[in-house]
Structure formats: structure tokens, C-alpha cells
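# Secondary and tertiary structure notes
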Amino acid sequence: MSTANSIRPEIQDFSPYTPGLSIEEIKQKFSLERVVKLASNENPLGVSPLVRQALELHASGVFRYPRSGSPDLRQALSEHLEVPEGCIVAGNGSDEIIDLLIRVCARPGKDNIVIFEPSFSMYRLLARLCGIETRKVRLDEDFHFPWFRMLHEVDEKTAMVFVTTPDNPTGYAPPVRELESVAARLPEKTLLVVDEAYMDFAVPQQDYSLLSRLADLPNLVILRTFSKLFGLAGLRLGYGLMPEWLADALIRVKPPFSVNILAEVAGMAALQDRPYLEATLECVVKGRELLSKELHRLGCQVCPSQANFLLFRPPLSAELVFQTLLESGVIIRPLKSYGLDEYLRVSISTTEENMLFIRELEAVLHG
Ligand SMILES: *Cc1c(COP(=O)(O)O)cnc(C)c1O
């Protein structure tokens, strides 16, 4: 018997998450001096000065275990969001919260989850790892959410429905009343998990976020992350907001130290750094307008976005455009793994990097 036979069948043909390419990797491969990465929706301004200070200050404490459950961070988040501490679960990225939700709420071999297609791949990957069926509902032609078809896929065995808003990779955000109405129409035991990873970039946020409805909707879970606006992608920090009975269950089974000491203090410092957060927002909102206009000018079809990235369809083969940009030192995101072969996604960055991208794209398209 080969050792592979002791691996569960769904693991044997499991294809891993496809991450954005790294700067070092591309520098080496094409012998480039300068490479810009506009592929993973990271904060364009780098690390927050307050976060850097907090990391230096707490470096000498890393020989200790963290406190279990990240109590200081939960308290800070509770004040920041005006949500009771008991409703907050901190995780090693929101990826950990997705994993916990699936394992706590869905019974392997019995229950299912419902997602849109295309959507963020972690939902189906983690469901598969857990032996949970994933039901996929194709987005409308304009990438809006087909609620009617989605509700049609839901049954008594649907543990949860995942909705990303603003959506990745499209940038689309539905009006908040649509989500409220869906929450009310799901079976009592089905959770509506709303992934608000990019909600910080939506303007005005209250038109799109369900945060203020958390106390009124008993089956609502909201996911948030420190990886995007707060600039902590490499430290891994995210959280979920949910009813207290569910938060209790997640916290009981969660690995006790999955949020490390530095991530916790960095998260608290990031919440405090108003100038950094405001500068990031201004950069993204301005950059979104500028890039969108420039992409149009170059003959690309651009999707309206409430996030810190743009989905666009170039007038030439997306694969060719992606490869040529890569060789000139600009990494953006091809969307083959999302089934959107003709589209590309670009993260919004500083004016300098945005314009570098546009110049290189112009050279590919008209050069
Ligand atoms: C980036 C992103 C996240 C954040 O994941 P972390 O594990 O917190 O880094 C979550 N959901 C979506 C849809 C994302 O694009």
C-alpha cells in the first residue's frame, strides 16, 4: 500500500489556493531591478508608523505565549465598532474564521454551503477539506448577485451562505437592503456569512455594510480583516462578528494561540492610526477614479468597484497582457482560477505605481 492511499480522496485531488506572485520571485525570474506588485490588494502605503512602533516595543515579549482569545484586541474592537465583546472572534486572518465557522456549523457528508461563482476560493477549499458539499450559483452577466437563484439552492441542510461585499474579484457591492432581505428569507438554521474584507473602501459605507444590523439579524455573521486597509496582511489577523452563542462555540474549539502576540498589538495600534487610515482611504478612492478613467481610455471594459482593486477586460488576450506586464515588472492578477479567463484584476496603489502600470499597459496595448 502506498502512503497516498491513507489520504482522504478529496485531499488527493485538492488544488491549493492560488496566491498572487511575489516580488522576489519575479525579480529573479526576469532579472529585473524594480518590480511592483498590484496583485493581492495590500495597503499601498506600506506599514503604519504606529504599528511599526508597537512591533518594536513588543518584540522583547515574544518568548511568552499570548493570552488565549486575544482579550485586549477584542476589547479594542468592541469600542471601535460599538459591538459587544462577546460577539467578536479574532483569528489568524479571516481565513481562520471561515474555517472555524464551517467546522463548527456544517456536518461532513450531510450539510452544504452555498456560494456564488466566481467568488473567493477559500470558502469552497475549506468546505472541501471538511467534507462539505459546495453549491455554486453563477453571478448574473453584470456580476450582480442572483438572489432568487441563490435562495433556490438553499435547503434545510444549508449550513451557511457566503456573500462577499464588496465582492472579490468584481468590486461590486449590493445595497444593504438586499442583504437584509436575504437574511430574513433564509431557513432559521442557515447562517448568512457576509465577508466584508473590503468594506472599509466602500463609500458611503452605511449604504453597503450590515454592521449596524448585527444585533437585529440572528443568523448574520460578518467577517472583517486587518489584511487590507489596516496593512497587516503578513501578520495574519482577521475577525468575525456573530451572535454570542456562536462566538462562544468558535472560541471553545479554536487553537488557543492562533493569533500571535505581535499580531494582536499591531492590530490595536493600527486601529489607532487615524492619519494612516485616512491617507490610505484617500489614496485608494482617488486612485480608483484615476485608474478607472485611464483603463477606459485604453479601451478596457472596467467594472465599477467599491473595493481597493479594479476588475477589467482588456481589448487583447488577458493572458498575453498579464505575461507582458509581468516581464516588464508589473504583477497583476490573472483570474483563470476564478474562471474569468478574459479578465484581469489590478490593486489600486500610489499615484506613482498606478501610472507606472498604466504606462506599461499602454505599451502592451498600443506599443
Ligand atoms: C483578502 C480577503 C480576505 C482576507 O483574508 P485574511 O485571511 O484576513 O488575510 C477575506 N476575504 C476576501 C474575499 C478577501 O479577498
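Summarised in this report is the structure supplied together with it. (Residues numbered from 1 in each chain as written. Predicted model: local features only at pLDDT ≥ 70, side-chain atom pairs only at ≥ 80, totals over all residues. Heavy atoms only, no water.)

## Here's the deal with the overall build of the protein chain
How we decide: For helices the rule is a DSSP run of H or I covering at least 4 residues; for strands it is a run of E covering at least 2, with both sets numbered from the N terminus onward. Restricting the calculation to C-alpha atoms gives the radius of gyration, and the globule rule supplies 2.2 Å times the number of residues raised to the power 0.38. The buried label applies to any residue whose accessible area, calculated with a 1.4 Å probe on protein chains only, is under 20% of its type's maximum; exposed applies above 50%, and partly exposed to all values in between. Contact between two residues is taken to exist if any of their heavy atoms lie within 4.5 Å; hydrogens are not considered. Charge counting treats Lys and Arg as positive and Asp and Glu as negative, with His and both chain ends excluded. By convention, the charge on Lys lies at NZ, on Arg at CZ, on Asp at CG and on Glu at CD.
Check the secondary structure of the protein chain and you find 13 helices and 13 strands. The C-alpha radius of gyration of the protein chain comes to 21 Å, within 12% of the 21 Å expected for a compact globule of 367 residues. The principal-axis extent of the C-alpha atoms belonging to the protein chain is close to 60 × 55 × 50 Å. Expressed as a percentage of its 367 residues, the buried residues of the protein chain come to 53%. Long-range pairs, those at least 24 residues apart, make up 73% of the contacts in the protein chain with a sequence separation of at least 6. Mean positive and mean negative side-chain charge positions of the protein chain (38 and 48 charges, respectively) differ by 3 Å.

## Some points on the site of the ligand
Note the following rule: Throughout this document, a residue counts as near a molecule or strand when at least one of its heavy atoms sits within 4 Å of that molecule or strand. Polar contact is the term for a pair of N or O atoms within 3.5 Å; when the atoms are in protein, one must be able to donate a hydrogen and the other to accept it, and sequence-neighboring residues count only if both atoms are side-chain atoms. Where accessible areas are quoted, they stem from the Shrake-Rupley method and a 1.4 Å probe; at the residue level, only the protein chains shown are allowed to cover. In this analysis a 1.4 Å probe is tested at points of a 1 Å grid over the protein atoms alone, and where it fits but cannot get out there is a cavity; an open set with protein on both sides within 12 Å along at least five of seven lines is a pocket; lining residues have an atom within 4 Å of a point. Should more than half of a molecule's atoms lie within 2 Å of a pocket's or cavity's grid points, that molecule is taken to sit in it. Residue polarity is assigned by list, with Asp, Glu, Lys and Arg as charged and Ala, Val, Leu, Ile, Met, Phe, Trp, Tyr, Cys and Pro as nonpolar; anything else, Gly included, falls into the polar class.
The immediate surroundings of the ligand are formed by 14 residues, with Tyr198, Thr225, Ser227, Lys228 and Arg236 found nearest. Within the side chain of Ser227, an N or O atom sits 2.6 Å from an oxygen atom of the ligand. In this structure, an oxygen atom belonging to the ligand sits 2.6 Å away from a side-chain N or O atom of Arg236. Here the ligand loses 93% of its free accessible area of 390 Å² to cover by the protein chains. At a threshold of 2 Å from the grid points, most atoms of the ligand map onto the largest pocket. It is helix 5 (residues 93-105) that contributes the most residues to the shell around the ligand, 3 residues altogether. Class assignment of the residues belonging to the shell around the ligand gives a composition of 4 nonpolar, 6 polar and 4 charged.

## Digging into the sheet that holds strand 12 (residues 333-334)
The cut-off we apply is this: What makes two strands pair is DSSP finding at least two bridges between them. The convention used is that axes are lines fitted to C-alpha atoms, helices contributing only their stretch in contact, and that angles between N-to-C directions extend from 0 to 180 degrees.
The 4 strands lie next to each other as 9-10-13-12, forming an open sheet whose pairing is antiparallel. In this open sheet, the two edge strands, each paired with only one partner strand, are strand 9 (301-302) and strand 12. Strand direction decides the pairing type here: strand 12 and strand 13 (residues 344-347), joined by 2 bridges, are antiparallel. The partner of Arg333 across the bridge, within strand 13, is Arg345. Contacting strand 9, strand 10 (309-313) and strand 13, helix 11 (residues 274-297) runs over the sheet at an angle of about 10° to strand 10.

## Thoughts on the layout of surface pockets
As a reminder of what qualifies: Grid points are joined across faces, edges and corners, and a volume is the space filled by probe spheres set on the points.
For the largest pocket, the calculated volume is near 490 Å³. Forming the boundary of the largest pocket are 27 residues, of which Tyr17, Ser40, Phe120, Lys228 and Arg236 lie nearest the centre. Put simply, the parts of the chain that give the lining of the largest pocket at least two residues each are helix 5 and helix 6 (122-129). Top element by residues in the lining of the largest pocket is helix 5. It accounts for 4 residues. Residue classes in the lining of the largest pocket are distributed as 10 nonpolar, 9 polar and 8 charged.

## Points about the environment of Arg74
Mapped onto the elements of the fold, Arg74 is located in helix 4 (residues 71-81). Sequence-wise, Arg74 and Pro84 are 10 residues apart; in three dimensions their C-alpha atoms are separated by 9.1 Å. Among residues more than four places away in sequence, those in contact with Arg74 are Gly69, Glu85, Gly86, Ile88 and Ile251. A polar contact is formed between the side chain of Arg74 and the backbone oxygen of Glu85, at a distance of 3.0 Å.

## A word on the pattern of salt bridges
Formally: Salt bridges are counted wherever a side-chain nitrogen of Lys or Arg sits within 4 Å of a carboxyl oxygen of Asp or Glu.
Summed over the entire model, instances satisfying the criterion amount to 21 salt bridges. Note that Asp72 and Arg67 form a salt bridge whose closest N and O atoms lie 3.6 Å from each other. A salt bridge links Asp155 to Arg135; the shortest N-O distance between them is 3.0 Å. Note that Asp155 is positioned in the loop between helix 7 (147-153) and strand 5 (158-164) and Arg135 in strand 4 (residues 133-138), a separation of 20 residues in sequence. The exposure class assigned to Asp155 is partly exposed, which follows from its relative accessible area of 29%. The exposure class of Arg135 is buried, given its relative accessible area of 17%.

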